[in-house]
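Architecture at a glance
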Amino acid sequence: MTTTTEAPPAALPSASVADSTKVLVAGVVPAITRGLFKPRRRAMKRLTALDADRRTVETLAAIKRKHPGQGARLLGGRMVVLWGADAIREVLDQSADVYAADAGAKQKGMCHFQPDALTISRGEEWRDRRAFTESVLATAERVHPLGDRFLSVVADEMSRMRISGRVEWERWERLFDHVTLRVIFGEKARGDQDLTALLSELMCEANRIVAREAESSDAYHELHGRMEWYLRDPEPGALVARFADAPQTDRTRVVHQIPHWVFAMRDTLAANAYRALAVIAADEAVEERVREEMDGRDLTSAADVDGLRYLEGCLQETMRLWPTTPLIAREATRDTTLAGERIDEGTQVLMVNAFNHRDPDGVADADLLKPERWESSQRDYRFNHLSNGSQWCPGEPLVLLLGKAVLAQMLAAWDVTVLEPELPAGSKEPLPHSLDFYSIRYAVRRR
């Protein structure tokens, strides 16, 4: 008598053509429509009206239930979509070598404004640029050595805000514009809105370049010329003043590392903090706990603001709930194995943050605001708003410090009410899958 043993289910089973198409339509098309580099205002409004992110979650959850492994192969294996933490870890831990970010739409678009950036580098160039970036941004330190100076900038800019009962996105964006320029380049850059406007112009062009050939741009040369001017006489107390002591070679291309910091601080952090203010103000219990944590702290002290861990959890949860990078893509640079299965060189690997962050079957209380989720120091590779592994955001400690400082200063000075859109108390009721930051409006009253 013979017995047969059932083979274990494949970690990366093949999805049907129909399911492959559903993944692309629900997971990839909205990300491209929204804008891979600069969010399109009209597209954000339209996608929110369509509740596109909810559709993404529902579609991928249904496909994952058919294939409960680490992910699924799409289109005959030319693509792989991942939802298992182990496989995601495997890819992100090798993103500077085996699974490159310098290919496809990301590389094509980013080359338009930062062709030698760390985020689209690999191998020795990646290691060189990573060492430089980590040194300038003080990645290994919870509190940046210039943290107190940066928080004095935040406090000063908050005191200069001219608010007459309402706050809308445009005013918030101007706040972050000034903070970003002063933190990176120094006091003399505060009024250089031409620099940030040039970068925004190039990023908007990069959205379109994804679908066509790149073109040379006068804005590129003007932007890089402006940044180089600030490097000729770096202002003490600014990030550029740390360049001289950071490890660098001819391949570092230091100027090319700056644009990413500018848009990560001015655009991405601004959007995340603006949404975080909304979820805090909409939930009385959350706001009360934030204010209790702030009580007695010096909000111009980097050490004190670093200690606002519950507020930090609110900011992290906001980024989890509404990731500004809804999709991460990598390309296999050689034949390799993933989750124990062979994949070919050139395979596109997709990690859909909009789904993985809200997977109803994999993430507890996926639609609720749970700041306590971030009390553990252990990183969860399903949550990639600041990425993980070798491509983990080297500016994360500084981003969190500045974001908390702005939120704390705002809440210390003002009573804030969300006028629109209507939001539930997120710690108790499910929050919407889409939250268009352009549309958020607040009523404020001086405390």
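Definitions and cut-offs
- Residues numbered from 1 in each chain as written.
- Predicted model: local features only at pLDDT ≥ 70, side-chain atom pairs only at ≥ 80, totals over all residues.
- Heavy atoms only, no water.
- Helix = DSSP H or I, 4+ residues; strand = E, 2+ residues; numbered from the N terminus.
- Rg over C-alpha atoms; globule rule 2.2 N^0.38 Å.
- Buried < 20%, exposed > 50% of the residue type's maximum accessible area, 1.4 Å probe, protein only.
- Contact = heavy atoms within 4.5 Å.
- Areas by Shrake-Rupley, 256 points an atom, 1.4 Å probe, with all protein chains shown as cover.
- Lys, Arg positive; Asp, Glu negative; His and termini not counted.
- Charge placed at Lys NZ, Arg CZ, Asp CG, Glu CD.
- Pairing = 2+ DSSP bridges.

1. A short note on the overall build of the chain
Scanning the chain from terminus to terminus reveals 16 helices and 10 strands. Relative to the 2.2 N^0.38 estimate, which gives 22 Å for 447 residues, the radius of gyration of the chain is 22 Å and therefore close to what a compact globule would have. With 447 residues in all, the chain has 57% of them scored as buried. Taking all contacts inside the chain whose residues are at least 6 apart in sequence as the whole, residues at least 24 apart take part in 77%. When the accessible surface of the chain is totalled, it reaches about 19000 Å², and 49% of it is carbon and sulfur. One way to put it: in the chain the 60 positive side-chain charges average out to a point 3 Å from where the 68 negative ones average out.

2. Regarding the environment of R275
Its place among the elements puts R275 in helix 11 (residues 254–281). The class for R275 is buried, based on a relative accessible area of 6%. Residues R275 and D436, spaced 161 residues apart in sequence, show a C-alpha to C-alpha distance of 8.6 Å. Excluding residues within four positions of it along the chain, R275 makes contact with M44, T318, W322, T324, L435, F437 and I440.

3. Remarks on the sheet that holds strand 4 (residues 166–167)
Pairing within the open sheet is antiparallel, and its three strands lie in the order 4-10-9. Of all the strands in the sheet, just strand 4 and strand 9 (414–420) have a single pairing partner and so form its edges. Two elements, strand 9 and strand 10 (residues 441–446), share six bridges in a ladder whose sense is antiparallel. Residue pairing for strand 10: T417 is matched across the bridge by A443.

These figures come from the coordinates and say nothing about function on their own.
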